[in-house]
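Chain residues, written in single-letter form:
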Amino acid sequence: MLEPGYEGDSELTFALQSEFHKGFPLENLRPLLMSGNLHTQAAAAFLVAEISPRLSFNMNCVVAEIADLLDSKIAGIRFDAIEALLGCTTPADGAILGGVMLRLDDEHPGVRCRVTQFIRFAERWQLRLAVENAAALRPESAFPILLKAHGQHFKATTKGVRWLLDHPDALVRRFGAAVAVRPRYVVDEQFLAMAEGSDDAEVREIAASCYHSHLTPIYAVWSSALSRKGASSA
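The numbers attached to residues start from 1 for each chain and follow its sequence in the written order. Confidence filtering applies because this is a predicted model: local features only for residues at pLDDT of at least 70, side-chain atom pairs given and counted only at 80 or more, and all residues used for totals across whole chains, interfaces and linings. The basis for every side-chain value is the complete set of heavy atoms in the structure, and neither hydrogens nor water enter the calculation.

Quick one: what's the story with the overall build of the chain, residue by residue and with numbers?
Numbering goes from the N terminus for both helices and strands, where a helix is a DSSP run of H or I of at least four residues and a strand is a run of E of at least two. Along the backbone of the chain there are 15 helices and 2 strands. Between buried and exposed lies partly exposed: a residue is buried under 20% and exposed over 50% of the maximum accessible area for its type, with that area taken using a 1.4 Å probe on protein chains only. Considering the chain as a whole, with its 234 residues, one finds that 49% of them fall into the buried category. When contacts within the chain are restricted to residue pairs at least 6 apart in sequence, those whose partners lie at least 24 apart make up 67%. Where accessible areas are quoted, they stem from the Shrake-Rupley method and a 1.4 Å probe; at the residue level, only the protein chains shown are allowed to cover. Accessible area of the chain: about 11700 Å², with a carbon and sulfur share of 55%. Note on contacts: a residue pair qualifies if any of its non-hydrogen atoms lie within 4.5 Å across the two residues.

Now the structure itself:
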């Protein structure tokens, strides 16, 4: 993969992925991530996105190199980097998390979609740091609005979600849609319905993704299920 003429080899990439799962040191990702060859970078980005979740946190040793891929000119590389950073960042990586949030304004819709998935699955501290640092990195943009509107503790309310979804800035609406379908433990179907009824097609697409099982945590419970359970108990 580090050869100058490397042009991609999926068989080799999958073989290397298997070796990492067997204990091959994750530090060996560094030269691949830093390669000037875009095919090598793409393979490295795929690897950091696909390595088993049980190993993700250990990838913090190369978190700076993964973060550099957020500025790649290849949308697929940016996409994979965002997924990897969800699993390997720590509270010391606030600026990196801010860089992820900045991609909510990416020119490529697939990358923006990946950021909304990041918002859905992020831990509370990750989301807080991501918004705080995005606002600091881009103070003249709409990012400070997210920080001001949603507050430090990121507790969604009907009024707050509606305000975000109806905001004139598309970036704020995307954030609102992601918050509306953020399931941590319960998928609030009232918020989901609000996003589904938006006039913004991208917001409706974000809401629709909530129905894909692989995009919703297995531990999340739908609010209607809780209502039915409560009624049965009564």
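There's more to say after this.
Which residues make up the packing of aromatic side chains, and what are the values?
Stacked, tilted and edge-to-face are the three classes applied to pairs of Phe, Tyr and Trp rings, where Trp contributes its six-membered ring and a pair requires centres within 6.5 Å; stacked means planes under 30 degrees apart, edge-to-face means over 60, and tilted covers the rest. In this structure the tally under the stated criterion is 2 aromatic pairs. Between the aromatic rings of F14 and F46, the centroid separation amounts to 5.7 Å while the plane-to-plane angle is 85 degrees, which identifies the pairing as edge-to-face. Of this pair, F14 sits in helix α1 (residues 10–21) while F46 sits in helix α3 (residues 38–50), placing them 32 residues apart in sequence. Measuring from centroid to centroid gives 5.3 Å for F20 and F24, while their planes differ by 45 degrees, and the two rings are tilted. Using a relative accessible area of 2% as the deciding quantity, one classes F20 as buried.

Now, about helix α7 (residues 94–102): what can you tell me, with residues and values included?
A large share of α7 lies buried, amounting to 8 of its 9 residues. If you check which residues of α7 are buried, you get G94, I96, L97, G98, G99, V100, M101 and L102.

Mind laying out the packing of helix α11 (residues 158–165) against helix α13 (residues 189–196), listing which residues take part and the relevant values?
An axis is simply a line fitted to the C-alpha atoms; with a helix, the fit covers only the stretch in contact. Between two such axes, the angle follows the N-to-C directions and lies from 0 to 180 degrees. The N-to-C vectors of α11 and α13 enclose an angle of 20 degrees; their axes lie 10 Å apart at closest approach. As the angle between them shows, α11 and α13 are arranged roughly parallel. Here α11 and α13 pass one another in a crossing that is right-handed. Within the contact between the two elements, α11 uses T158, V161, R162 and L165 and α13 uses Q190, F191, M194 and A195. Along the lines of polarity and charge, the residues of the contact of α11 with α13 split into 5 nonpolar, 2 polar and 1 charged. Angles are sorted into four bins: roughly parallel if under 35 degrees, roughly antiparallel if over 145, roughly perpendicular if 65 to 115, and oblique for all others. Note on convention: the crossing is left-handed when the near helix lies turned anticlockwise from the far helix by less than a right angle, right-handed when the turn is clockwise. Side-chain classes are defined by residue name, with Ala, Val, Leu, Ile, Met, Phe, Trp, Tyr, Cys and Pro counting as nonpolar, Asp, Glu, Lys and Arg as charged, and the others, Gly among them, as polar.

Before we move on, could you go through the pattern of salt bridges and cite the residues and values that matter?
Salt bridge, as used here: a side-chain nitrogen of Lys or Arg that lies within 4 Å of a carboxyl oxygen of Asp or Glu. The tally for this structure, following the rule as stated, stands at 12 salt bridges. The shortest N-O distance in the salt bridge between D106 and R103 comes to 2.7 Å.

Can you break down the packing of helix α6 (residues 75–88) against helix α8 (residues 109–121) residue by residue, with the values?
At a minimum axis separation of 9 Å, α6 and α8 run at an interaxial angle of 5 degrees. Of the possible angle classes, the one that applies to α6 and α8 is roughly parallel. Note on element contacts: α8 touches α6 through G110, V111, R114, V115, F118 and F121, opposite A75, R78, F79, I82, E83 and L86. Partitioned by chemical class, the residues of the contact of α6 with α8 number 8 nonpolar, 1 polar and 3 charged.

Can you tell me about the environment of R138, naming the residues and giving the values?
Topologically, R138 is positioned in the loop between α9 (124–137) and α10 (143–150). Classification of R138 by relative accessible area gives partly exposed; the value is 33%. When the C-alpha positions of R138 and L102 are compared, they lie 8.1 Å apart, and in sequence the two are 36 residues distant.

Break down the nonpolar core for me, citing the residues and quoting the values.
With 68 residues, the main nonpolar core has L29, M59, I66, M101, I119 and F175 as its most contacted residues. Excluding its chain neighbours within four sequence positions, the residues that come into contact with M59 are L26, L29, V48, I51, I66, A84 and C88. The nonpolar core is taken to be a set of buried Ala, Val, Leu, Ile, Met, Phe, Trp, Tyr and Cys residues, with the residues joined through side-chain atoms within 4.5 Å.

Break down the side chain of R173 for me, citing the residues and quoting the values.
Within the secondary structure, R173 sits in helix α12 (residues 170–180). Relative accessible area serves as the criterion here: at 19%, R173 is assigned to the buried category. At 2.9 Å, the side chain of R173 and the backbone oxygen of H167 are in polar contact. Every residue in contact with R173, bar those within four places of it in the chain, is listed here: L164, L165, H167, P168, D200 and V203. Each polar contact in these results corresponds to two N or O atoms within 3.5 Å; when the atoms are within protein, one needs to be able to donate a hydrogen and the other to accept it, and residues that are neighboring in sequence are counted only if both atoms are side-chain atoms.

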